[in-house]
Amino acid sequence: MERVLKAVLPNGRSELYRLPEPVDFNPVGYRVLVPLRDGRGATAVVVRQFLADPEGLPYIDSFPDRFPVINPLAIEVLKNNLLEYLTTLGEAIFKLLPPWADWYQETFVYLERFSPVGLPKEVVKLAEELKKKGRLEYEKLKRSYDWRLIKFLEEKGFLKVETRWVAPKVEEYFLVAATTDEEEVLKKISRAGKRRKEETLRVIRLFSELGRELTAEEIKELADVSSQTLRYLLDKGILVKRTYTMPPFRAGVLKQSGRPAAEPPPRALFKNPTFSERLERLLPYLEHTLREGGDTLLLAPTLALAEEYHRALYPLFGDRVLLYAESLPQRERIKNWFAAAEGFPKIFITTPKNLFAPLKNLKLLVLEDESGNYKLERSPYFNLKRLAFELVKLSGGKLIVFGEPPSVELHLAESSFKVFEREKTLRVYLYDGKNPFGDETVLELLRGFSDRKTLLLVPKAGYSNLMCPRCGTLEECPRCEVFLRLEGKRAVCPVCGYSTEGLSCSRCGEALKPFGYGVDRVEELLKRQIPEGHFEFKTTLNEPINAVYEAVFVLFADRILSLPDFRKTEELFIYLTKAKLSLKEGGFLFVHTSGESHAAASLTEGEKLFYETELEMRKALKLPPFAKLYLVALTLKEENEKLALRVFKEVKTALAGLPVEVGFSKAPTFKLRERYRFQILIKTPPRLERTELKKLSGFLKELKNRYRFVRVIPNPRSFL
Ligand SMILES: [Zn+2]
Ligand SMILES: [Zn+2]
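So, how was this worked out
Residues numbered from 1 in each chain as written. Chains lettered and ligands numbered in written order. Predicted model: local features only at pLDDT ≥ 70, side-chain atom pairs only at ≥ 80, totals over all residues. Heavy atoms only, no water. Donors = N, O, S within 2.8 Å, 3.2 Å for Na, K, Ca; no water. Tetrahedral: all angles 85-135°; square planar, octahedral: opposite > 155°, others 65-115°. Helix = DSSP H or I, 4+ residues; strand = E, 2+ residues; numbered from the N terminus. Buried < 20%, exposed > 50% of the residue type's maximum accessible area, 1.4 Å probe, protein only. Contact = heavy atoms within 4.5 Å. Core = buried A, V, L, I, M, F, W, Y, C linked by side-chain atoms within 4.5 Å. Pairing = 2+ DSSP bridges. Axes fitted to C-alpha atoms, helices over the stretch in contact; angles between N-to-C directions. Salt bridge = Lys/Arg side-chain N within 4 Å of Asp/Glu carboxyl O.

**Student:** Looking at this structure, how should I read the coordination of the zinc ion (ligand 1)?
**Tutor:** Metal coordination angles in their ideal form are 109.5 degrees for the four-donor tetrahedron and 90 or 180 degrees for the six-donor octahedron. Around the zinc ion (ligand 1), the donor atoms from the protein are Cys477 (SG), Cys480 (SG), Cys493 (SG) and Cys496 (SG), and they sit 2.3 to 2.4 Å away. Metal-centred angles of 104 to 118° between the four donor atoms at the zinc ion (ligand 1) mark the site as tetrahedral. One chain supplies every donor to the zinc ion (ligand 1), and in sequence these donors are spaced C-x2-C-x12-C-x2-C. Residue Cys480 is located in the loop between strand 19 (464–467) and strand 20 (485–487), and its partner Cys496 is located in the loop between strand 21 (490–492) and strand 22 (499–500); the two are separated by 16 residues in the primary sequence. As far as the burial class goes, Cys480 and Cys496 line up, both buried.

**Student:** How should the environment of Tyr707 be read in this particular structure?
**Tutor:** Assignment of secondary structure puts Tyr707 in the loop between helix 21 (690–706) and strand 30 (710–714). Using a relative accessible area of 12% as the deciding quantity, one classes Tyr707 as buried. Separated by 73 residues in the primary sequence, Tyr707 and Leu634 place their C-alpha atoms 9.1 Å from one another. Apart from the residues lying within four places of it in its own chain, the contact partners of Tyr707 are Arg646, Val647 and Glu650.

**Student:** What should I look at first to understand the nonpolar core in this one?
**Tutor:** Generally speaking, a soluble globular protein has its nonpolar side chains buried in company with each other. Core analysis: the largest hydrophobic core is formed by 64 residues, its most contacted members being Leu78, Ile93, Leu97, Leu297, Phe356, Phe382 and Leu387. Once residues within four sequence positions are removed from consideration, Leu97 is found in contact with Val45, Val69, Ile70, Trp337 and Lys353.

**Student:** Looking at this model, I keep getting lost on the side chain of Thr569. Mind explaining?
**Tutor:** As for its placement among the helices and strands, Thr569 is situated in helix 17 (residues 568–581). When its relative accessible area of 8% is taken as the criterion, Thr569 is described as buried. Ignoring sequence-local partners within four residues, the contact set of Thr569 consists of Leu561, Ser597, His598, Ala599, Phe610 and Glu614.

**Student:** Would you take a moment to explain the sheet that holds strand 27 (residues 628–636) for this structure?
**Tutor:** Within a beta sheet, neighbouring strands are joined by backbone hydrogen bonds and run either parallel or antiparallel to one another. If you trace the four strands from one edge of the open sheet to the other, you get 28-29-27-30, paired in antiparallel fashion. Looking at strand neighbours, the two that pair on one side only are strand 28 (661–672) and strand 30, the edges of this open sheet. For this sheet the average axis-to-axis angle between neighbouring strands, irrespective of direction, equals 20°. As paired strands, strand 27 and strand 30 are joined by five bridges and run antiparallel to one another.

**Student:** Could you clarify how one ought to interpret the pattern of salt bridges in this entry?
**Tutor:** Side chains bearing opposite charge may pair, as long as their charged atoms lie close to each other. One pass over the full model with this rule turns up 52 salt bridges. Two residues, Arg195 and Glu199, come together in a salt bridge whose shortest N-O distance is 3.9 Å. Within this pair, Arg195 and its partner Glu199 are both found in helix 7 (residues 194–210), separated by four residues, close to a single helical turn. Among the residues examined, Arg195 registers a relative accessible area of 62% and is labelled exposed. When its relative accessible area of 7% is taken as the criterion, Glu199 is described as buried. In this structure, Glu570 engages Arg618 in a salt bridge whose closest nitrogen and oxygen atoms are separated by 2.8 Å. Residue Glu570 is found in helix 17, and its partner Arg618 is found in helix 19 (residues 607–620); the two are separated by 48 residues along the sequence. Arg618 matches Glu570 in its accessibility class, with the two residues each being buried. Look at the salt bridges and you will find they share partners, linking Glu409, Arg567, Glu570, Glu614 and Arg618 into a network.

The structure is reproduced here in structure tokens:
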């Protein structure tokens, strides 16, 4: 019996391995480099260890890191979600690991020496391609050239074929003193000049004072010595070089903010806080968690917000604040990722996809109750917010949620949270009319705010749509079933990017006229009507939101309701809540809407009206959170409804006997990028028996593997 490791590979498979020599740590969550069956090396992640007979199992090659690459708790969280999200542990782990973590071996072909004189054309072409690129993948090359030719050229010494690791360069050199005994050191350099001796002593004292490895740069700066002296000390064996693949995290300034600390409640929900209010709320909790030795994971829905948090918290907590963001250089990213695993307490700020960074001691999770950016956009389509909730539960940590506004789902669970809310008094004006610019009262209102900080929010980009005055129809993109949008002098498709300068009707050739109002048209019109106004114009409010405006005019708000999506009213509610948030106390909110939606009505009647009406509707229509959905999306090259219906019938037959409803329709945007889209929607009760879920999951997995044109999206955000 011996320790055996189960590890998952990027292709989703799992394998058992034995260790070449015993290790003194729990390797679960660590990367290992392993040999594949074809002999090439690949990265795997250890998900389990146990005792077994290791006979016949392959050995792992090595552990490339000093820390786990993923939070070991992630493995438990993911295991609980594999069935529902139709995935495997291997696929799930590698989709949530940063791309740099997937090292692999690849066989490359290099040019050794070459003179093209008298050689066949094909060989010259190959040589020139290699000369330009430096190296080419052997497998790819084999597709365009005969492998015997490559082998022949290799034997003749023209080419070199070599298998190498594809991995980012993350090695770093550190220096350390062989001894800090000054007398011993001076004996070794007895023939050196006075100045060099002094420099040497300064270096040695630096090491005995700090007691850790230092980079050459650090020594030069802190001991004020030259590069020559460092080289000299290395030659004499007084300093020794050490190379780390992943350098140990080296904290510069580990500050406590010095602010008062407060213990966070087990689960807290803050309703509609601005960015500065959020910070004010968070600081005592962060301070408390640090003092208790715990890590905080702060998930910001967007990169911009993550960076904003970092800017705000770094001056207070110094290097205890770590940012992991795609905008950082790769080297920094890798460093910060593994620094999450270091022993000191920290605040780790990142975007949702990186929630499984290897934090050692997660004690506080902070996130936004916003759904769009928490949904993984490709398979396995995880709801990352839910995974984060499960992660913090497993780690025994506390949870702080900011909702601006809280989602319908969270509203239902509100009683399990301690809720904080700050009321703001606003003046609200609901305007029900077709065109606010045809009405002098609206322009009069706007004039009244021309010298104050005022925002115009129009939920539509560009200038307008385009209409043919003769046919009376809106012009569509030739590739999609989507209206073209006038931007400057061009008509643009907002979905596929198609654009044209020809602004005449595709049916009759008549010149097209602007129709409807995008933000650019509103801006143009107001600059003409109220030239003295200092208005800002936006289509959305981006995080971080602070209360800075005295007035916000939301124009053409119903445009959001025209989206054929079950969350559209909630989307409008979110849009309006963010507008409210950006207003100062006592500010003026003008909303142009037909007034039929409960989202707009809640502005004057209270948010309860929105939540109650919305939940009632969702319940009646069996939509989330009262049902779970699987969207089977069929994307066809031809308008082949027969084929789509055949798949629908197959789904219905296979799922007969399960408590599910299966529906068929065209997608809301039927034609997209020259493809035709059909949808099969499967509704299940919020909870299925495990055997039922297994059956459903097994079938759907098989279905998406069988048809290349089928994607299955568990818990879709929308039907678009
Ligand atoms: Zn298009
Ligand atoms: Zn026409």
